[in-house]
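Reading the structure
Read off the chains here:
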Amino acid sequence: MFASYAKSLALKHSRDRRKLLPIRLGDVARDLRAALTGRLRHDDPGRYNAVQKLLYAGILLTGVVIVASGFAIWKPVQLRPLTMLFGGYEAARYVHFFAMAAIVVFLVLHVVMALLVPKSLRAMIRGK
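Right, let's walk through the structure included here. These numbers were taken from a predicted model, which means no experiment stands behind them.

**Observations regarding the environment of Val65**
Examined against the element boundaries, Val65 turns out to sit in helix H4 (residues 50-74). Judged by relative accessible area, Val65 falls into the partly exposed class, the value being 27%. Put simply, Val65 and Ala99 are 34 residues apart on the chain and 7.1 Å apart in space, counted from C-alpha to C-alpha. If near-sequence neighbours (up to four positions away) are discounted, Val65 is found in contact with Phe86, Val95 and Ala99.

Okay, here's the thing in C-alpha cells:
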C-alpha cells in the first residue's frame, strides 16, 4: 500500500518518470566507475546520471520504509500486520534506525557532491 502510494506520488508525471527511469545496471556501473576516477561529466545539471537515478529512486523507497516502520513502532498493537511485515517490533526498530542512517548518509553525500560540482549548486540556488 505505502509503496504504490509513494510510487504514484514520485512518478506521477511523465517528466519525473523520464528523469528517474530507466535504471540500467550497466549504466550504473559505468557512471560509478567514472565518478570514482573523477571522469564523470556534468554538462547538464538538469539530467541525472545512472548513479543519481539509482540513489534518488532508493531514497524515495527509503522514505516509504521509514514512514511504514515508524507507524509499526508507534502503534505495534493496533498495526500488528504492519509490525509483523517487518518481522516484529524489534526488527521494525532496526529497520527504522537503518533507514534513518541511510537518509543521513544520502544527505551528507548530496551536500558534498553539490559542493564538488559548483555548476549544480548554482543551478539549485537559481532554479535553472
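**Regarding the nonpolar core**
Among the nonpolar cores identified, the biggest contains five residues, and these are Ala68, Ala72, Leu82, Phe86 and Ala92. Excluding its chain neighbours within four sequence positions, the residues that come into contact with Phe86 are Val65, Ala68, Ser69, Ala72, Ala91, Ala92 and Val95.

**Focus on the pattern of salt bridges**
Enumeration over the complete set of coordinates arrives at two salt bridges. A salt bridge links Asp31 to Arg30; the shortest N-O distance between them is 3.3 Å. Judged by its relative accessible area of 45%, Arg30 falls in the partly exposed class. With a shortest N-O distance of 3.2 Å, Glu90 and Arg93 are connected by a salt bridge. Of this pair, Glu90 and Arg93 both sit in helix H6 (residues 89-116), three residues apart, which is roughly one turn of the helix. Glu90 sits in the partly exposed class, given a relative accessible area of 43%.

**Examining the packing of aromatic side chains**
Enumeration according to the criterion identifies three aromatic pairs in this entry. Measuring from ring centre to ring centre gives 5.9 Å for Tyr56 and Phe106, while their planes differ by 75°; the resulting arrangement is edge-to-face. Taken as a pair, Tyr56 in helix H4 and Phe106 in helix H6 lie far apart in primary sequence, 50 residues in all. Taken as a pair, Tyr56 and Phe106 share a single burial class, namely buried. The interplanar angle of 45° and the centroid separation of 6.0 Å between the aromatic rings of Phe71 and Trp74 together place this pair among those described as tilted. With Phe71 and Trp74 both in helix H4 and three residues apart, this pair spans about one turn of that helix. Here the guanidinium or amino end of Lys75 rests over the ring plane of Trp74, the centre of that ring lying 5.0 Å away.

Conventions and cut-offs
Residues numbered from 1 in each chain as written. Predicted model: local features only at pLDDT ≥ 70, side-chain atom pairs only at ≥ 80, totals over all residues. Heavy atoms only, no water. Helix = DSSP H or I, 4+ residues; strand = E, 2+ residues; numbered from the N terminus. Buried < 20%, exposed > 50% of the residue type's maximum accessible area, 1.4 Å probe, protein only. Contact = heavy atoms within 4.5 Å. Core = buried A, V, L, I, M, F, W, Y, C linked by side-chain atoms within 4.5 Å. Salt bridge = Lys/Arg side-chain N within 4 Å of Asp/Glu carboxyl O. Phe/Tyr/Trp six-rings, centres within 6.5 Å; stacked < 30°, edge-to-face > 60°. Lys NZ or Arg CZ within 6 Å of the ring centre and 35° of its normal.

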